Amino acid sequence: MGERFHADLHIPAAVAADPARADGTLQGGTLLYDPRGDGVLVTRMRVSTDTAMRVCVGLADQDSQRVMGGYFAANGGAAPDACVETPPGGKLWVFHGAQGNVDVSIDGELNPAT
């Protein structure tokens with residue numbers, strides 16, 4: 001079992017939404033967690049927002065690169081518990097598709113035993 005970690009991120013409503021590509025995926029992002037070369041196993045994640053929008057967490061907003069992605073209604077929302085492993089050194093980013101407050105909280109472990 002690896003070392004445990006916790007990360008919280010608040011993106012204020014004043015921050016512009018991440019721009020969308022032609023295929024609808026988002027580019028840009030706000031850094032949530034940098035494991036500095038370690039692999040990460042995300043064991044719990046919660047997302048809330050006060051504006052209806054698409055929110056994704058992952059290495060990139062692309063198929064097979066997302067830890068979590070979904071559409072959240074105004075007045076909050078929660079992502080189901082996650083159990084996703086990222087490759088060593090993979091930074092976790094938050095992508096948001098509209099302007100509004102976004103809060104993300106994750107727990108997990110570094111360098112999980114395989």
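If you're wondering where the values come from, they're calculated on a predicted model, not measured in any experiment.

The rules we used
- Residues numbered from 1 in each chain as written.
- Predicted model: local features only at pLDDT ≥ 70, side-chain atom pairs only at ≥ 80, totals over all residues.
- Heavy atoms only, no water.
- Helix = DSSP H or I, 4+ residues; strand = E, 2+ residues; numbered from the N terminus.
- Buried < 20%, exposed > 50% of the residue type's maximum accessible area, 1.4 Å probe, protein only.
- Lys, Arg positive; Asp, Glu negative; His and termini not counted.
- Salt bridge = Lys/Arg side-chain N within 4 Å of Asp/Glu carboxyl O.
- Polar contact = N/O pair within 3.5 Å; in protein donor to acceptor, adjacent residues only side chain to side chain.
- Contact = heavy atoms within 4.5 Å.

Visitor: Provide a residue-level description of the side chain of aspartate 18, including the pertinent values.
Guide: With respect to the element layout, aspartate 18 can be found in the loop between β1 (4-11) and β2 (30-33). Look at aspartate 18: it is buried, it has no salt bridge, and the nearest opposite charge is arginine 54 at 8.6 Å. Among the polar contacts listed, one links the side chain of aspartate 18 to the backbone nitrogen of histidine 96, at a separation of 2.9 Å. Residues within four places of aspartate 18 in sequence aside, it is in contact with Leu26, Gln27, Gly28, Gly29, Val94, Phe95 and His96.

Visitor: With reference to specific residues and values, describe the pattern of salt bridges.
Guide: Counted under the stated rule, the structure contains 6 salt bridges. Arginine 44 is paired through a salt bridge with aspartate 107; the nearest N and O atoms lie 2.6 Å apart. In this pair, arginine 44 sits in strand β3 (residues 40-49) while aspartate 107 sits in strand β8 (residues 102-110), placing the two residues 63 residues apart along the sequence. Given the relative accessible area of 25%, arginine 44 is considered partly exposed. Several salt bridges converge on common partners, so that one network encompasses Asp34, Arg36 and Lys91.

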